[in-house]
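# Residue-level structural notes
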Amino acid sequence: MAPIPDQEDPEVTAGGTREISVNITPFTVGPTPFSLRLVHGPGSPRNFLLAREEVVLGRSSEADIQVDSTDLSRRHLALRREHGQYTVFDLGSRNGVYLNGVRIHSAVLHEGDNLQLGSVVLVFHEGRE
Amino acid sequence: MSWFVKFWGTRGSIPTPGPQSRKYGGNTSCVEIHADPALLICDGGTGLRELGMDLLKRKKGEPIRGHFLFSHTHWDHIQGFPFFVPAYDPRNEFLVYGTSRGDRRTFDLLSGQMRSEYFPVEFSELRSRIAPADLGDGHAHVEGFSVRCVELKHPGRAFAFAFEKEGKKVVYATDNELDLVLADPDQPGREPNARRSFPEPLVEFMRGADLLIGDGQYTDEEYPHRIGWGHSRASTLVDLALAAEVRQLAVFHHDPMQSDRDVDRKIDLCRERAARQGGKVVVFGAREGLELRIG
């Protein structure tokens with residue numbers, strides 16, 4: 001972000017240059033949340049913010065993120081945050097966890113990764129701590 | 001019992017940390033095969049340091065016993081070894097395999113890279129028990145795994161390993177210039193879309209693997225400028241996977257000049273090639289932190 005110039009009339013000095021006053025707006029970068037976007041499946045489209053260090057997704061009402069699809073196991077996968085990134089773990093689900101088309105046991109997630117759980121599809125979006 | 005493959009380093013030639021390689025990773029070759037408590041480690045590139053730290057966390061103070069299988073001893077495959085923290089603990093034990101009876105070459109070169117000219121800590125100061133072992137006549141049983149090896153096409157020699165257990169098979173075959181062993185080496189230039197043919201023993205070694213981890217360092221555009229450097233173009237690796245009817249192909253040993261976006265593009269081209277040929281192989285780019293359940 002560039003400094004924002006003051007909008008008041010600048011004074012013209014004897015040397016021909018103009019003196020202006022500038023207000024510097026502090027540049028701060030706040031945290032932005034990591035999220036999962038449900039792009040296909042019951043309730044889609046919908047965003048789920050990942051606010052905790054561990055999040056369980058599944059069909060169960062006790063899951064942190066519940067997606068009411070019979071393709072999902074009750075506790076289908078877990079997402080764990082460590083060192084500023086999330087890792088996805090298959091919790092022994094019946095239909096598996098496919099990352100960008102590959103059935104995985106676990107994987108560190110990156111921006112735009114596609115998670116397919118049966119017919120349910122989610123997209124991971126990286127945040128910033 | 002379930003067994004797993006995990007990628008700790010997938011980069012070829014030299015570590016490439018930085019924002020351009022966050023997705024696939026910048027650490028050099030290191031792949032873990034484990035079926036608790038069995039621990040087999042393919043290559044000790046810089047990814048080995050990360051594996052060592054993870055083992056300390058996972059094992060929670062329990063002694064660690066592991067089996068090292070090095071494809072060869074070029075820098076990018078051994079540089080992580082001096083930074084493998086479990087090697088400094090006297091309760092731990094590691095065997096370093098040669099590929100033929102009495103072959104201690106890898107073991108000796110590992111210790112050689114820790115001479116004071118290269119590294120401040122001598123090999124003799126590693127307090128774990130580190131001993132040479134070998135695959136006999138190219139085949140041995142290691143902690144419930146059948147392990148076989150075959151020589152690849154690479155300057156200074158390199159070896160592939162096939163791991164089998166309970167009807168499942170994984171092949172680790174990196175640092176291999178497939179284009180130099182083609183039945184018709186001129187074919188890729190003349191007919192780039194035609195299926196390439198390989199020596200039958202190589203195909204048989206890979207035959208039916210549930211996972212082939214193969215050297216696919218270069219794109220078709222890059223390879224003509226790197227002939228003789230000992231690595232494959234990814235398109236030729238795809239054809240080998242199809243010929244051997246493997247189920248999943250992990251394109252491995254990414255070129256250090258390739259950004260994540262470049263690797264994505266390379267993998268897209270591989271998938272298109274496999275699809276054009278009617279192949280059912282699942283192709284993906286090996287990336288750090290990815291773990292597959294095999295059995």
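Residues numbered from 1 in each chain as written. Chains lettered and ligands numbered in written order. Predicted model: local features only at pLDDT ≥ 70, side-chain atom pairs only at ≥ 80, totals over all residues.

## Some points on the interface of chain A and chain B
- In this complex, chain A contributes ten residues to the contact, which on the side of chain B involves eleven residues.
- Elements that contribute at least two residues to the side of chain A that touches chain B include exactly β12 (102-104) and β13 (106-108) of chain A.
- The leading source of residues in the side of chain A that touches chain B is β13 of chain A, at three residues. (Contact = placed C-beta atoms within 7 Å. Helix = DSSP H or I, 4+ residues; strand = E, 2+ residues; numbered from the N terminus.)

## A few points about the environment of proline 45 of chain A
Residue and element names in this part refer to chain A.
- By the secondary structure assignment, proline 45 is in the loop between β5 (34-40) and β6 (46-50).
- With 10 C-beta atoms counted inside 10 Å, the residue proline 45 sits in the exposed group.
- Each C-alpha atom, one on proline 45 and one on leucine 122, is 9.4 Å from the other, the two residues being 77 residues apart in sequence.
- Sequence-distant contacts of proline 45, that is, excluding residues within four places in its chain, are made with Arg37, Leu38 and Val39. (Buried ≥ 20, exposed ≤ 12 C-beta atoms within 10 Å, placed from the backbone.)

## Details of helix α1 (residues 47-59) of chain B
All names here are of chain B.
- With 13 residues, α1 extends 18 Å from end C-alpha to end C-alpha; this agrees with the ideal 18 Å at 1.5 Å per step.
- Residues of α1 that are buried include every one of Gly47, Leu48, Arg49, Glu50, Leu51, Gly52 and Leu55, and no others.
- Positive backbone phi, at 50 degrees, marks lysine 60, one or two positions downstream of α1. (Expected span 1.5 Å × (residues − 1).)

## Re unusual backbone geometry
- Note that the residue after serine 44 of chain A, namely proline 45 of chain A, is joined by a cis bond; omega there is -5 degrees.
- Between aspartate 36 of chain B and proline 37 of chain B the backbone carries a cis peptide bond, its omega angle lying at 10 degrees.
- In this structure, proline 37 of chain B sits in the loop between β2 (30-35) and β3 (38-42).
- In this model, lysine 60 of chain B sits at a positive phi of 50 degrees, which is unusual for a non-glycine residue.
- Relative to the helices and strands, lysine 60 of chain B is located in the loop between α1 and β4 (65-69).
- C-beta crowding within 10 Å serves as the criterion here: with 6 such atoms nearby, lysine 60 of chain B is assigned to the exposed category.
- The backbone phi angle of glutamate 143 of chain B is positive, close to 50 degrees, even though this residue is not glycine.

## A word on the confidence of the model for chain B
- Looking at chain B, the pLDDT average stands at 97 and 100% of residues meet or exceed 70.
- For this predicted complex, the interface confidence comes out at an ipTM of 0.94, alongside a pTM of 0.92. (pLDDT = per-residue confidence, 0-100.)

## Topic: the nonpolar core
- Within the largest apolar cluster, 99 residues are counted, with the highest numbers of intra-cluster contacts made by Phe161, Val171, Leu212, Ile213 and Val251 of chain B.
- Once residues lying within four places of it in the same chain are set aside, the contact partners of phenylalanine 161 of chain B are Cys42, Leu69, Val147, Cys149 and Tyr172 of chain B. (Core = buried A, V, L, I, M, F, W, Y, C linked by C-beta atoms within 7 Å.)

## Looking at the packing of helix α6 (residues 234-243) of chain B against helix α7 (residues 260-276) of chain B
All names here are of chain B.
- It is the contact of α6 with α7, at a shortest axis distance of 9 Å, that shows an interaxial angle of 40 degrees. In terms of axis orientation, α6 runs oblique to α7. Note on packing geometry: the crossing formed by α6 with α7 is right-handed. Here Ala234, Ser235, Val238 and Leu242 of α6 come into contact with α7, specifically with Lys266, Leu269, Cys270, Arg273 and Ala274.
- Of the residues belonging to the contact of α6 with α7, the class tally is six nonpolar, one polar and two charged. (Axes fitted to C-alpha atoms, helices over the stretch in contact; angles between N-to-C directions. Parallel < 35°, antiparallel > 145°, perpendicular 65-115°, else oblique. Left-handed = near helix turned anticlockwise from the far one by under 90°. Nonpolar A, V, L, I, M, F, W, Y, C, P; charged D, E, K, R; others polar.)

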